[in-house]
Amino acid sequence: MTQRVAKGSSKPYSRVSEPSTLLLSCAPHRQTHASLRLERNPLQVSANIGQDEDFEAARKKAESLGAKKVFIEDLRTEFVEDFIWPAVQANAVYEDRYLLGTAVARPCIARRQVEIARREGAQYVSHGATGKGNDQIRFELTCYALYPEVKIIAPWRIPEFYNRFRGRTDLMEYAREHGIPVPVTPRAPWSMDANLMHISYESGILENPKSRAPADLYLMTKNPEDSPNVQDVLEIEFKKGVPVKVTNMNDGISKNTALDVFSYLNEIGGKHGVGRIDIVENRFIGMKSRGIYETPGGTVLLKAHLDIETFTMDKEVRRIKQGLGIKFSELVYNGFWYSPECDFVRHCIAKSQENVEGKVQLSVLKGQVYILGRESPKSLYNEELVSMDVQGDYDPCDASGFIRINAVRLREHHRLQGLSSTKQ
């Protein structure tokens, strides 16, 4: 599932005019799987962010294609703690539906790419993202933010390259001729991006937005119709808006590290077919694209976090925080994780999560997540105050004045409307 760019003549890269070290980024994406070969001391980074991949085979493949050094980086824990958890705290959803599984992964990968580039003295970095998509922006903005003097080679934006390889079909044919294995086949003719948070599918036969996804497309989730008829009941514990423990109330299984918690929620959500969406979204670059996503663990956490947050957060604080969550989602989708505005928004969201603490019980069944109950030592829910059976510290007479004050504006508005109607 690594993303690589095609071999070719050195001509497309003639702008690299002096001996230099080039660091190749291998993002987990089934889009281009040939390998760039330069006489420029090429290095290669392959990031493990939870995709199902034989990394030792990837190492050998890279070395056979000319890589001077190959770095296999296990980023799973930092991906969860540094990128997925802030997205959970934000209730991050782009355009009301997409949980940003690819978008949050890119700054994680690019950050490590930059760290290695600096350490190895690489003046150039390269990636295989296309010239039409969002990933080129996400990778490069991160690289420029963390390594301002870096130079970036993006083959899919070099005319000599994209005129030679007009698309995925040309590139797959080139790979076949040169014995470079690629996972995209006529049986599965689409582009796939997999990581710990999700799997996304686009391009190929999915470019027709009317075409239904083949039944065998999904790899992370069961078809809800074929999922178990018995629910899993989970209890998820949060501290500062972050899940710290999950317990399955059916069998007592419990997980309490970041990676284990998220992986287990993926397992349970996937088992019950949770988190599938098929959408058309607006890319940052200005075009619409059709994407199919499956995000089982992320979907379970979104439901649980929304519940415990509403239970523990002041109404007006949460209203402001909702707006910040939308802004955060847009910034992350557009590649601005390392921008000053995104840093500010993340700090504000983290501040809002200080009292988001407690346990949520929920059931997972047939593609759905059902909230069953919640408890928190920092709850703002006052059972006596809200009860219809106990008066509590509240005088109902106060509501009369409250209602009349709020009615002043409405009375005046409709008085004006009445005058306007009379004049007509």
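This text goes with the structure placed above it.
Everything numeric in this text was worked out from a predicted model, so none of it was measured.

Scoring rules and cut-offs
- Residues numbered from 1 in each chain as written.
- Predicted model: local features only at pLDDT ≥ 70, side-chain atom pairs only at ≥ 80, totals over all residues.
- Heavy atoms only, no water.
- Axes fitted to C-alpha atoms, helices over the stretch in contact; angles between N-to-C directions.
- Helix = DSSP H or I, 4+ residues; strand = E, 2+ residues; numbered from the N terminus.
- Parallel < 35°, antiparallel > 145°, perpendicular 65-115°, else oblique.
- Contact = heavy atoms within 4.5 Å.
- Nonpolar A, V, L, I, M, F, W, Y, C, P; charged D, E, K, R; others polar.
- Pairing = 2+ DSSP bridges.
- Salt bridge = Lys/Arg side-chain N within 4 Å of Asp/Glu carboxyl O.
- Buried < 20%, exposed > 50% of the residue type's maximum accessible area, 1.4 Å probe, protein only.

> What is the right way to look at the packing of helix H7 (residues 258-271) against helix H8 (residues 296-312) in this model?
Helix-helix packing is described using two parameters, namely the angle between the two axes and the distance between the axes. Across the interface, H7 lies against H8 with an axial gap of 7 Å and an inter-helix angle of 100°. In terms of orientation, H7 lies roughly perpendicular with respect to H8. Contact with H7, carried on its side by Phe262, Leu265, Asn266, Gly269 and Gly270, involves Pro296, Gly297, Gly298, Val300 and Leu301 of H8 and no other residues of that element. Tallied by class, the residues present in the contact of H7 with H8 amount to 5 nonpolar, 5 polar and no charged.

> Would you take a moment to explain the sheet that holds strand S11 (residues 276-282) for this structure?
Pairing between the strands of a sheet comes from backbone hydrogen bonds, and it takes one of two forms, parallel or antiparallel. Pairing in this open sheet of 4 strands is antiparallel, and the strands run S6-S7-S12-S11 from one edge to the other. One side of each edge strand has no neighbouring strand; the edge strands of this open sheet are strand S6 (191-194) and S11. Across the sheet, the mean angle separating the axes of adjacent strands is 25° when strand polarity is ignored. Note: S6 against strand S7 (residues 199-202), 4 bridges, orientation antiparallel. Residue pairing in the sheet places Ser191 in a bridge with Glu202 of S7.

> Sorry, what's going on with the pairing of strand S13 (residues 358-365) here?
Walk down a regular strand and you will see the side chains alternate between the two sheet faces. In terms of strand pairing, strand S8 (residues 232-239) meets S13 through 7 bridges, oriented antiparallel. Among the inter-strand pairings, Glu237 is bridged to a residue of S13, identified as Lys359. Here 7 bridges tie S13 to strand S14 (residues 368-375), and the two strands are oriented antiparallel to one another. Each residue of the ladder has a partner; that of Leu365, found in S14, is Gln368. The antiparallel pairing of S13 with S14 creates a hairpin that spans 2 residues between the two strands, and Lys366 there sits at a positive phi of about 50°.

> Looking at this model, I keep getting lost on the pattern of salt bridges. Mind explaining?
Opposite charge on two side chains permits pairing when their charged atoms draw close. Scanning the model with the defined rule gives 26 salt bridges in all. Here Glu56 and Arg59 are joined by a salt bridge, their closest N and O atoms 3.6 Å apart. Remark: Arg59 and Glu56 occur in helix H1 (residues 55-64); sequence separation between them is 3 residues, near one turn of the helix. Exposure remark for Glu56: the relative accessible area of 42% places this residue in the partly exposed category. A salt bridge links Asp135 to Arg106, with the shortest nitrogen-to-oxygen separation between them at 2.9 Å. In this pair, Asp135 sits in helix H4 (residues 135-146) while Arg106 sits in helix H3 (residues 101-120), placing the two residues 29 residues apart along the sequence. Overall, Arg106 belongs to the buried group, its relative accessible area being 0%. Overlapping salt bridges bring together Glu73, Glu78, Asp82, Arg111, Arg112 and Glu115 as one network.

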